[in-house]
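# Reading the structure
One letter stands for each residue in the lines below.
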Amino acid sequence: MNRGPVRESGFIERLDRQIIHALQLDPRVSFARVAPVLGVSEQTVARRYRRLRGDGLLRVIGLVDPRAIGQSEWLVRVGCRPGGIGRLADALARRDDVSWVTLSAGGSEIVCSVRSRSARQRDDLLLQRLPATSQGLSMAAHAIMHRYVGGESSDWVGYGDLLTPGQIEVLRPPPAGQPGEPVTLQPGDAPLLDALARDGRCSYAALAAATGWTQGRVTRRLAAMRDAGVLYFDVDLATELMGFATPAYLWLTVEPARLDAVGDQIARHAEVPFASAITGSANLVASVVCRDTEELYQYVTTKISAVAGVRQLEISPILRRVKQAGTRMEGPRLRQS
């Protein structure tokens, strides 16, 4: 999806942004393949990547798509007691089935993304643990019905200095192979998936060491899970370090007949890395990243206001991200495992 930059970022250099774009096109692309496209040495690309990763600006991660294994993904809003939000947010961030944890609504609400690998794991959190917590005052769980944007590593490129169409064509990965037998997760897959969740660019040799398998078996299993859509790779970005200091959730109530059209239109906005149709009173949620509150105001009053079919809008500024895409945060930075 080609969505242009909001404004050019001065926080990282042009070459860094182009390396990020190359990784978004193919998160496991070799630096040897990227280097000639960018006109620099392989060592330069590797050095820049290590610095971006070490500074907590990006991580490449391997994730299981819950939909591919018959599970659903949920967004949960938890209203909290004063003083109790931090403890509950930290407890949620420690769970491996919770991939996003944010503090919003002036610090009185937690929004988290639940991506369980089993119905039992999901029910334990949504039906037992969260309703029973003493810090929570209210809870609303929204099932994600359809993603308009946010399911691909290259969905958000609002930082600018993108690769040219010719460069993109060279770096675009080949189409996934045809899936063979249906893939179901096995207990033996856990070490492989855990290693990829820590570092999606982990070498086959390192994955073999982590699993106790041969490199050939690792390669075949990884390819089978990717081809079946069970495993995918994402590039997690610390957007605040890229100059986007004002993130927010938009909870929209949209006329049902226009829901699909509204979702598709919002997905093309450069400010939106994620938008989805959800269950509940608000039937569409979007995550937006803006440089400041004035830019957020301009976005709402010029772009959202021009979208036909939006009946109601709630803006929930994000005060702090505790965890995003499975990565714990240290201030604005991604914690490196």
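The structure this text deals with has already been given above.
Everything in this summary refers to the structure shown in the same document. (Residues numbered from 1 in each chain as written. Predicted model: local features only at pLDDT ≥ 70, side-chain atom pairs only at ≥ 80, totals over all residues. Heavy atoms only, no water.)

A separate point is the overall build of the chain. Along the backbone of the chain there are 11 helices and 12 strands. Compactness check: the chain gives a C-alpha radius of gyration of 20 Å against a globular reference of 20 Å for 337 residues, within 12% of the reference. With respect to the three principal axes, the spread of C-alpha positions in the chain is 50 × 45 × 40 Å. Every one of the 337 residues in the chain was classed for burial, and the buried ones make up 53%. For the chain, restricting intrachain contacts to residue pairs at least 6 apart in sequence, the fraction spanning at least 24 positions comes to 78%. Taken as a whole, the chain presents about 15,300 Å² of accessible surface, with 50% of it coming from carbon and sulfur. The centroid of the 42 positive side-chain charges in the chain is displaced by 4 Å from the centroid of its 35 negative side-chain charges. (Helix = DSSP H or I, 4+ residues; strand = E, 2+ residues; numbered from the N terminus. Rg over C-alpha atoms; globule rule 2.2 N^0.38 Å. Buried < 20%, exposed > 50% of the residue type's maximum accessible area, 1.4 Å probe, protein only. Contact = heavy atoms within 4.5 Å. Areas by Shrake-Rupley, 256 points an atom, 1.4 Å probe, with all protein chains shown as cover. Lys, Arg positive; Asp, Glu negative; His and termini not counted. Charge placed at Lys NZ, Arg CZ, Asp CG, Glu CD.)

This part covers the environment of Ala208. In this structure, Ala208 sits in helix α8 (residues 204–211). On the accessibility criterion, Ala208 (9% relative accessible area) is buried. Here the alpha-carbon distance between Ala208 and Gly106, two residues 102 residues apart in the chain, equals 46 Å. Apart from residues lying up to four places away in sequence, Ala208 is in contact with Trp213, Thr214, Gln215 and Val218.

On to the packing of aromatic side chains, then. Any two aromatic rings considered together are summarised by their centre-to-centre distance and by the angle between their planes. Scanning all chains against the criterion turns up 4 aromatic pairs. Both rings, one in Phe31 and one in Tyr49, keep their centres 5.3 Å apart while their planes meet at 50°; by these two values the pair is tilted. Remark: Tyr49 occurs in helix α3 (residues 42–54) and Phe31 occurs in helix α2 (residues 31–38); sequence separation between them is 18 residues. The exposure class assigned to Phe31 is buried, which follows from its relative accessible area of 15%. Aromatic ring contacts, followed pair by pair, group Trp156, Tyr159 and Phe244 into a single cluster. (Phe/Tyr/Trp six-rings, centres within 6.5 Å; stacked < 30°, edge-to-face > 60°.)

What follows is about the packing of α2 against α3. The relative placement of two packed helices comes down to the angle between their axes together with the axis-to-axis distance. The interhelical angle for the contact between α2 and α3, taken along N-to-C directions, is 110°, at an axis separation of 8 Å. Judged by the inter-axis angle, α2 sits roughly perpendicular to α3. Within the contact between the two elements, α2 uses Phe31, Ala32, Val34 and Ala35 and α3 uses Glu42, Val45, Ala46 and Tyr49. Its residues assigned to classes, the contact of α2 with α3 shows 7 nonpolar, no polar and 1 charged. (Axes fitted to C-alpha atoms, helices over the stretch in contact; angles between N-to-C directions. Parallel < 35°, antiparallel > 145°, perpendicular 65-115°, else oblique. Nonpolar A, V, L, I, M, F, W, Y, C, P; charged D, E, K, R; others polar.)

Moving on: the side chain of Asp16. Turning to its location among the elements, Asp16 is positioned in helix α1 (residues 14–25). On the basis of relative accessible area, Asp16 is assigned to the buried category, the value being 1%. A distance of 2.6 Å separates a polar atom in the side chain of Asp16 from a polar atom in the side chain of Arg51. Apart from residues no more than four positions distant in its own chain, Asp16 is found in contact with Arg48, Arg51 and Leu52. (Polar contact = N/O pair within 3.5 Å; in protein donor to acceptor, adjacent residues only side chain to side chain.)

The next point concerns the pairing of strand β4 (residues 109–114). Counted residue by residue, β4 has 6 buried out of 6 residues, so it is predominantly covered. The alternating pattern of β4 places Glu109, Val111 and Ser113 on one face and Ile110, Cys112 and Val114 on the opposite face, and all of these are buried. Inspection of the sheet shows strand β2 (residues 74–80) paired to β4 by 6 bridges, in the antiparallel sense. Bridging from a neighbouring strand, Val78 pairs with Ile110 of β4. Where strand β3 (residues 98–104) meets β4, 6 bridges bridge the pair, whose relative direction is antiparallel. Its bridge partner being in β4, Leu103 is matched across the sheet by Ile110. The antiparallel pairing of β3 with β4 creates a hairpin that spans 4 residues between the two strands, and Ala105 there sits at a positive phi of about 55°. (Pairing = 2+ DSSP bridges.)

It is worth spelling out the nonpolar core at this point. Of all hydrophobic cores here, the largest spans 35 residues; its most connected members are Ile20, Leu57, Leu58, Tyr159, Leu237 and Met242. Secondary-structure elements contributing two or more residues to this core are α1, α2, α3, β1 (58–64), α6 (165–171) and β6 (231–237). Per-element tally for this core: the top contributor is α1, with 6 residues. One finds Val254, Val262, Ile266 and Tyr299 within the second-largest nonpolar core, a separate group that totals 22 residues. (Core = buried A, V, L, I, M, F, W, Y, C linked by side-chain atoms within 4.5 Å.)

Taken as a whole, this structure holds 17 salt bridges when the rule is applied. Between Arg147 and Glu73 there is a salt bridge, with its nearest N and O atoms 2.7 Å apart. Of this pair, Arg147 sits in strand β5 (residues 136–149) while Glu73 is found in the loop between β1 and β2, placing the two residues 74 residues apart along the sequence. For Glu73, a relative accessible area of 5% corresponds to the buried category. Glu255 is the salt-bridge partner of Arg258, the closest N and O atoms lying 3.3 Å from each other. Because the salt bridges share partners, they merge into one network encompassing Glu13, Asp16, Arg48 and Arg51. (Salt bridge = Lys/Arg side-chain N within 4 Å of Asp/Glu carboxyl O.)

The subject of this paragraph is the side chain of Asp189. Along the chain, the position of Asp189 falls in the loop between α6 and α7 (190–198). Exposure remark for Asp189: the relative accessible area of 3% places this residue in the buried category.

What follows deals with unusual backbone geometry. Most peptide bonds take the trans form, and the phi angle of most residues other than glycine is negative. Positive phi is not limited to glycine here, since Asp161 has a value of about 55°. Locating Asp161 in the fold gives a position in the loop between β5 and α6. Notably, Ala325 is not glycine yet its phi reads approximately 50°, a positive angle. You can see Ala325 is positioned in the loop between β10 (310–324) and β11 (327–330).

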